[in-house]
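Letter by letter, the chains look like this.
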Amino acid sequence: NHTQPKFILLGITDTPWAQAPLFGLFLLIYVVTLAGNIGLMVLVWVAPSLHTPMYFFLTHLSLADVCYSTVISPRMLTDLLFGSRTISWAGCLTQFHLFALFATAECHLLAAMAYDRHVAICHPLSYATVVSPRACWQLVAWSYLVASLSALIYTGCTFGGSFCGPRRVDHFFCDASPVLRLVCSDTRGSEAAISALAAAHGLGTSVVILLSYGRILHTVLGMRSAPSRARAFHTCASHLVSVSVFYGTLFFMYLQPASRHGSRDKVASVFYTVVSPMLNPFIYSLRHQEVKAALGKCRRRM
């Protein structure tokens, strides 16, 4: 009664011939994720021209991407390479808690970024007073505070029961749904609490994002310059694609009934844990002229 159980992560696939190609693919994605996000954070830090609210939020988005990608990917790569898939109860709990924290923080940071762009495009004259440095720090602090409290609730609901029988987690990391399947006691209350909290965060922040970009598109339609309209539409479309991939897969995982979870969960999880952190720095920053100009200045200095 006083020993902590150990879990076995079944991983993405148990097919031997597929593990080496998947290891190479996910290793490349993880390296690109680290290089893109850490490179963006360093660039914003050293380039005075990027010391603006938009890149302040992007820096914290990159930090969240690096953190929760690092919580998932190294363990997954180790399992694919060596096949040692045993994880302790404490390790499983820690992995899930950190993932829940940074994934929830990312939802609120994306909403803050959308609000920042809405004020910048729709109310440019009041932008400096509305999105002040103090307001930026308050939005970021709120994101991490809410994420920390929510992660405690997620973790308590997921690991608060008694585990019995074969402790085989049918996933490549310790997520709520596959872990709750191993709990002996009734989990309907925990599942309802997790779904309600995920819906509150996901739907609340997604509404802010959709309303902000809706106002942006309405303002863009009133622009007289055709090139400006095309550039704004292109930027908004790329942002919405990234947000749709992230939120769509999260909603698929956490808002569907427990009885409908299956093998497709692993495919959906790959998008918001592996693919989305890699794409964000390219979609949100590295395509912008300000970032390209800052990169050029840094290259000339070096």
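For clarity, every value in this text was computed on a predicted model and none was experimentally measured.

About the cut-offs
- Residues numbered from 1 in each chain as written.
- Predicted model: local features only at pLDDT ≥ 70, side-chain atom pairs only at ≥ 80, totals over all residues.
- Heavy atoms only, no water.
- Helix = DSSP H or I, 4+ residues; strand = E, 2+ residues; numbered from the N terminus.
- Buried < 20%, exposed > 50% of the residue type's maximum accessible area, 1.4 Å probe, protein only.
- Lys, Arg positive; Asp, Glu negative; His and termini not counted.
- Salt bridge = Lys/Arg side-chain N within 4 Å of Asp/Glu carboxyl O.
- Contact = heavy atoms within 4.5 Å.
- Core = buried A, V, L, I, M, F, W, Y, C linked by side-chain atoms within 4.5 Å.
- Pairing = 2+ DSSP bridges.
- UniProt positions renumbered as here; feature names shortened; annotations may be inferred.
- Axes fitted to C-alpha atoms, helices over the stretch in contact; angles between N-to-C directions.
- Expected span 1.5 Å × (residues − 1).
- Disulfide = S-S within 2.5 Å.
- Phe/Tyr/Trp six-rings, centres within 6.5 Å; stacked < 30°, edge-to-face > 60°.
- Patch = residues over 30% accessible without salt bridge, like charges linked within 9 Å, V, L, I, M, F, W, Y side chains within 5 Å.
- Areas by Shrake-Rupley, 256 points an atom, 1.4 Å probe, with all protein chains shown as cover.

Visitor: Explanation requested: the side chain of Asp175 in the structure shown.
Guide: Position of Asp175 relative to the elements: it lies in the loop between β3 (168-169) and α6 (176-180). Buried within the structure, Asp175 lacks any salt-bridge partner; Arg181 is the closest side chain of opposite charge, at an N-O distance of 8.7 Å. Not counting residues up to four positions away in its chain, the partners in contact with Asp175 are Phe96, Phe99, Met253, Tyr254, Ser269 and Tyr272.

Visitor: It is not clear to me how the nonpolar core should be interpreted in this structure. Could you clarify?
Guide: Grouped together as the largest cluster of nonpolar side chains are 85 residues, with contacts concentrated most on Phe26 and Phe99. Filtering out sequence-adjacent residues up to four positions away, Phe26 remains in contact with Ile12, Met76, Leu77, Leu80, Val270 and Val274.

Visitor: Sorry, what's going on with the pairing of strand β1 (residues 6-9) here?
Guide: Within a regular strand, side chains alternate between the sheet's two faces. Residues Phe7 and Leu9 point to one face of β1 and are all buried, whereas Lys6 and Ile8, pointing to the other face, are not buried. Judged from the 3 bridges that link them, β1 and strand β2 (residues 86-88) form a sheet pairing that is antiparallel. Residue Ile8 lies in a different strand from β2, and its bridge partner there is Thr86. Bridge count between β1 and β3: 2 bridges; the pairing is parallel. When the bridges of β3 are listed, Leu9 appears paired with Val169.

Visitor: Help me understand the UniProt feature "transmembrane region" (unreviewed entry) in the protein chain in this model?
Guide: Within this structure's numbering, the places UniProt gives as "transmembrane region" (unreviewed entry) are residues 20-47, 135-154, 192-211, 232-255 and 267-286. Between the end C-alpha atoms of residues 20-47 there is a gap of 40 Å, over a span that is 96% helix and 0% strand. Strand forms 0% of residues 135-154 and helix 100%; the C-alpha atoms that close the span are 28 Å apart.

Visitor: Before we go on, may I ask you to explain the sheet that holds β2 in this structure?
Guide: Within a sheet, adjacent strands bond to each other through the backbone by hydrogen bonds, running parallel or antiparallel. Read across the open sheet, the 3 strands follow the order β2-β1-β3; overall the sheet is mixed. In the strand order of this sheet, the two ends are held by β2 and β3, each with one partner. On the sheet, helix α3 (residues 89-122) packs against β1 and β2 and is oriented at approximately 85° with respect to β2.

Visitor: Whenever I open this one, the pattern of salt bridges confuses me. Can you help?
Guide: Under the defined criterion, the tally for this structure stands at 4 salt bridges. When the shortest N-O distance is used, the salt bridge between Arg117 and Asp116 registers 3.0 Å. Accessibility classification places Arg117 together with Asp116 in one group, the buried group. One salt bridge in this structure joins Asp170 and Lys266, with 3.0 Å as the shortest N-O distance. Of this pair, Asp170 sits in the loop between β3 and α6 while Lys266 is found in helix α9 (residues 264-284), placing the two residues 96 residues apart along the sequence.

Visitor: When you look at α3 in this model, what are you seeing that I'm missing?
Guide: Across its 34 residues, α3 extends 50 Å between first and last C-alpha, which sits within 8% of the 50 Å expected from 1.5 Å per residue. With respect to burial, α3 is a largely interior element, 25 of its 34 residues being buried.

Visitor: Hey, could you run me through the state of the cysteines in this one?
Guide: By definition, a disulfide links the sulfur atoms of two cysteines through a covalent bond. For the structure on display, the rule yields 1 disulfide. Here Cys92 connects covalently by a disulfide to Cys174, the sulfurs 1.9 Å from one another. One disulfide, between Cys92 and Cys174, carries an S-S torsion of -120° and so falls in the left-handed class. Taken as a pair, Cys92 in helix α3 and Cys174 in the loop between β3 and α6 lie far apart in primary sequence, 82 residues in all. Its relative accessible area of 0% is what places Cys92 among the buried residues. In this structure Cys136 is a free cysteine whose sulfur lies 17 Å from that of Cys122, the closest cysteine sulfur available.

Visitor: Sorry if this is basic, but what is going on with the environment of Thr94 here?
Guide: Within the element layout of this structure, Thr94 appears in helix α3. A residue is classified by how much of its surface remains accessible, and Thr94, at 40% relative accessible area, is partly exposed.

Visitor: Looking at this structure, I do not really get the packing of aromatic side chains. What am I missing?
Guide: The description of two aromatic rings rests on the distance between their centres and on the angle between their planes. A full pass over the atoms with the stated rule returns 12 aromatic pairs. A network of ring pairs unites the aromatic residues Phe7, Trp89, Phe96, Phe159 and Phe163 as a single cluster.

Visitor: I tried to follow a nonpolar patch on the surface on my own but got confused; where do I start?
Guide: The grouping of Ile38, Val42, Trp45 and Val46 at the surface amounts to a nonpolar patch, some 410 Å² of accessible area in total. Relative to the assigned elements, Trp45 resides in helix α1 (residues 16-46). A residue is classified by how much of its surface remains accessible, and Trp45, at 70% relative accessible area, is exposed.

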